[in-house]
Amino acid sequence: MSQKIKIYHNPACGTSRNTLQLIRNTGQEPEIIEYLKKPPNKKELIHLIEKSGLSVHEVIRKNVEPYESLKLDQQHWTDNQLINFMLEYPILINRPFVVTDLGIKLCRPSELVLDILSVPQLNAFSKEDGEMIIDQGGNRIK
């Protein structure tokens, strides 16, 4: 039985590409949202964050501009202000978020997507860096 899967994807990101391939390794094709081109609206972003069980601070990307130039590491920023920065600068949204019938996860590392996929892996799978995640029998190694 297939499920509706949505991935907020950045094709330039290895973690995001690995996550997409793990989804495809179930024989399913997700809805792909290139969030840098088509960012979520505020309601969607808040929903992703809340349902993932993470805090706003945990989902904001810290190793990109404009994080440093905006001084977003300072404690005075409210969650609402940080969300507004993520909407204004989508590069600040950590990725990939994946939405399935079983939940929403920020899939870092990419194998976290396996926790919310209801369909088994079809083939062995290694990440782009060569790390084996799924063995020949379709079983999760990590």
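From a predicted model like this one, the values you see are computed outputs, not experimental measurements.

### Thoughts on the overall build of the chain
Here is step 1: For the chain, the helix and strand inventory stands at 4 helices and 6 strands.
Here is step 2: On C-alpha atoms alone, the chain measures out to a radius of gyration of 16 Å, which is about the 14 Å that the 2.2 N^0.38 rule sets for 142 residues.
Here is step 3: For the chain, the spread of C-alpha atoms along the principal axes amounts to about 50 × 30 × 25 Å.
Here is step 4: Expressed as a percentage of the 142 residues in the chain, the buried residues total 44%.
Here is step 5: Of the contacts formed within the chain by residues at least 6 apart in sequence, a portion of 60% connects residues at least 24 apart.
Here is step 6: If you sum the accessible surface of the chain, you get close to 7,600 Å²; carbon and sulfur atoms cover 50% of it.
Here is step 7: If you average the places of the 18 positive and of the 18 negative side-chain charges in the chain, the two averages end up 3 Å apart.

### Regarding the environment of Ser 16
Here is step 1: With respect to the helices and strands, Ser 16 occurs in helix α1 (residues 14-24).
Here is step 2: We classify Ser 16 as buried; its relative accessible area is 0%.
Here is step 3: C-alpha of Ser 16 to C-alpha of Phe 85: the two residues are 69 residues apart in sequence and 22 Å apart in space.
Here is step 4: Filtering out sequence-adjacent residues up to four positions away, Ser 16 remains in contact with Ile 7, Tyr 8, His 9, Asn 10, Arg 95 and Pro 96.

### What about the nonpolar core?
Here is step 1: Of all hydrophobic cores here, the largest spans 22 residues; its most connected members are Ile 49, Ile 60, Leu 72, Met 86, Leu 92 and Phe 97.
Here is step 2: When contributions to this core are tallied by element, the ones reaching two or more residues are α2 (42-52), α3 (56-59), α4 (79-88) and β4 (103-106).
Here is step 3: In terms of residue count, the dominant contributor to this core is α4 (4 residues).
Here is step 4: Not counting residues up to four positions away in its chain, the partners in contact with Phe 97 are Lys 6, Ile 7, Tyr 8, Leu 48, Ser 52, Val 59, Ile 104, Lys 105 and Leu 106.

### Considerations on α2
Here is step 1: Every buried residue belonging to α2 is among Leu 45, Leu 48, Ile 49 and Ser 52, and all of these are buried. What you see down the axis of α2 is that its buried residues fit within an arc of 90°, all on one side. The exposed set on the far side of α2, more than 90 degrees from its buried face, consists of Lys 43, Glu 50 and Lys 51.
Here is step 2: Buried residues belonging to α2 abut β1 (6-9), α3, α4, β3 (97-100) and β4.
Here is step 3: N-capping of α2 is provided by Asn 41, with a side-chain oxygen placed 3.1 Å from the backbone N of Lys 43.

### With respect to α4
Here is step 1: Listing the buried residues of α4 in full gives Leu 82, Ile 83, Phe 85 and Met 86. Buried residues of α4, viewed axially, fall in a sector of 155°; they line one side.
Here is step 2: Considering only its buried residues, α4 is in contact with α2 and α3.

### Some remarks on the packing of α2 against α4
Here is step 1: The geometry of α2 relative to α4 is characterised by a closest axis approach of 10 Å and an angle of 120° between their N-to-C directions. Of the two possible hands of crossing, α2 and α4 adopt the one that is right-handed. Where α2 abuts α4, its residues Lys 42, Leu 45, Ile 46 and Ile 49 lie against Asn 80, Ile 83, Asn 84, Met 86 and Leu 87.
Here is step 2: Partitioned by chemical class, the residues of the contact of α2 with α4 number 6 nonpolar, 2 polar and 1 charged.

Conventions used here
- Residues numbered from 1 in each chain as written.
- Predicted model: local features only at pLDDT ≥ 70, side-chain atom pairs only at ≥ 80, totals over all residues.
- Heavy atoms only, no water.
- Helix = DSSP H or I, 4+ residues; strand = E, 2+ residues; numbered from the N terminus.
- Rg over C-alpha atoms; globule rule 2.2 N^0.38 Å.
- Buried < 20%, exposed > 50% of the residue type's maximum accessible area, 1.4 Å probe, protein only.
- Contact = heavy atoms within 4.5 Å.
- Areas by Shrake-Rupley, 256 points an atom, 1.4 Å probe, with all protein chains shown as cover.
- Lys, Arg positive; Asp, Glu negative; His and termini not counted.
- Charge placed at Lys NZ, Arg CZ, Asp CG, Glu CD.
- Core = buried A, V, L, I, M, F, W, Y, C linked by side-chain atoms within 4.5 Å.
- Arc of directions from axis to C-beta.
- Polar contact = N/O pair within 3.5 Å; in protein donor to acceptor, adjacent residues only side chain to side chain.
- Axes fitted to C-alpha atoms, helices over the stretch in contact; angles between N-to-C directions.
- Left-handed = near helix turned anticlockwise from the far one by under 90°.
- Nonpolar A, V, L, I, M, F, W, Y, C, P; charged D, E, K, R; others polar.

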